[in-house]
Amino acid sequence: MSLLGYKKHIEEGDLAIVFIGHETMVAVTIKRGEITQTKYGALRHNDVLGKEYGSKISTVNQRGYIYVLHPSPELWTVNLPHRTQILYFTDISMVTMQLELKPGSIVVESGTGSGSMSHALARTIAPNGHLYTFEFHEQRAQLARAEFKKHGLGEVVTVEHRDVCQNGFGLEVKVDAVFLDLPSPHLAVEHAKKVLKSGGRICTFSPCIEQVQCTCQTFHSQGFSDVVTMECLLRNYDTRSLAFPVPNLGFEDAEIVESTKSEQSDVNNSHKAQEPIVGGGGSKEDGKGNLKMDCTESSSKETVSKNQSEAASKSSLGEGSASDAKRFKNGERKWKGKPKSVQGQNVVRCAVPNKETSGHTGYLTFATLFFGSS
């Protein structure tokens, strides 16, 4: 079984990832006659053999089902047995990009640990590249060596038990990149400089800022350039329905236009209904020779002014002009029903960040060794 490739059908002895839920997965070696217990019931390995990876398999008592997935470095990272603390895909992807790794690259890693980073590096540089990984704990080095062989990485990865801070890497080849996951990475920077090619990149992973300070000082003293420290934090977003009020921007429906037309007609009729005024100064003489104040003119003027003001206001909003009525009839504007501000609120699906984010994992410090550095 190799994590570097992909095969279609499940065979005996394969490493498979049993997907029970988004938060529940388990790595299982498929063996004939064995049973794996899940929260949905028992999974018989015999029911899995010969099926395609990604198949949906029902449990024995039909209480539920699971999926059997092909292993990958990403899935192995979340399912591996923890011998030490590990790096996850957020930091791993940044390291892979910043070190400019590609198929054929030669990489040195110090601090093999549980092998999470090693699997990702091996997949990136395969099939022509090579990874030299060093672990100062002998038992962890042996377990990692057996694990890489079982996962089909033996030709790409070389594991060695060694304290690189004291004894260096002991390599005669020049490498493209170095990755240090050590308690005191600054002690290994000088040894890393000896194995790096000109233009090679180096990265250190440190949980504490004090480690970063010592490492940066050592980088500068050893002639490294482009020293950069960053922290990668994963932030999840949820999708939610949010309601926003929609303003009335003008047209509502044909009824509004017809109502506006009738109002405009009333204004025109009021102009025609005005009678000529006899006498001046807003008054006229009655039959007895007395002057009588006539409010007809002022009242009519006020009515006309008010109606014209309302019509102008509605026209500015696109409600009351005759041209708008024509556009409705000609089909230039089609607004069916009332606007959403009348019907209710406009509901939109939005991405909203969670209030809680994942905590600190560690700092990644990158540097470059240019040609002629001393």
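Anything mentioned here points back to the structure above.
Cut-offs applied
Residues numbered from 1 in each chain as written. Predicted model: local features only at pLDDT ≥ 70, side-chain atom pairs only at ≥ 80, totals over all residues. Heavy atoms only, no water. Helix = DSSP H or I, 4+ residues; strand = E, 2+ residues; numbered from the N terminus. Expected span 1.5 Å × (residues − 1). Buried < 20%, exposed > 50% of the residue type's maximum accessible area, 1.4 Å probe, protein only. Arc of directions from axis to C-beta. Contact = heavy atoms within 4.5 Å. Polar contact = N/O pair within 3.5 Å; in protein donor to acceptor, adjacent residues only side chain to side chain. Pairing = 2+ DSSP bridges. Axes fitted to C-alpha atoms, helices over the stretch in contact; angles between N-to-C directions.

(A) Representation of helix H4 (residues 138–150) in the model. Taking 1.5 Å of rise per residue, the 13 residues of H4 would be expected to cover 18 Å, and the 19 Å separating its terminal C-alpha atoms lies within 8% of that figure. All of the buried residues in H4 are Arg140, Ala141, Ala144, Glu147 and Phe148. Seen from one end, H4 has its buried residues packed into an arc of 130°, which puts them on one side. Seen from the buried face of H4, the exposed residues on the opposite side, beyond 90 degrees, are Gln139 and Lys149. Each element contacted by the buried residues of H4 is listed here: helix H1 (73–77), helix H3 (116–125), strand E8 (130–135) and strand E9 (157–161). Positive phi shows up at Gly152, right after H4, with a value of about 75°.

(B) Broad picture of the environment of Ser105. You can see Ser105 is positioned in the loop between helix H2 (89–98) and strand E7 (106–110). As a C-alpha pair, Ser105 and Ala122 span 17 residues in sequence and 9.8 Å in three-dimensional space. In this structure Ser105 touches Glu100, Ile125, Gly129, His130 and Asp176, once residues within four positions along its chain are discounted. Separated by 3.0 Å, the side chain of Ser105 and the backbone oxygen of Lys102 make a polar contact.

(C) Geometry of the sheet that holds strand E6 (residues 65–69). Strand order in the open sheet formed by 4 strands is E2-E1-E6-E5, and the pairing between neighbours is antiparallel. Every other strand in the sheet has two partners, leaving strand E2 (24–29) and strand E5 (56–58) as the edge strands with one partner each. For this sheet, the mean angle separating the axes of adjacent strands, direction not counted, is 35°. As defined by bridge partners, strand E1 (residues 15–21) adjoins E6 across 3 bridges and the pair is classed as antiparallel. Paired with Val18 across the strands is Val68, a residue of E6.

This is a description of form; function is not addressed.
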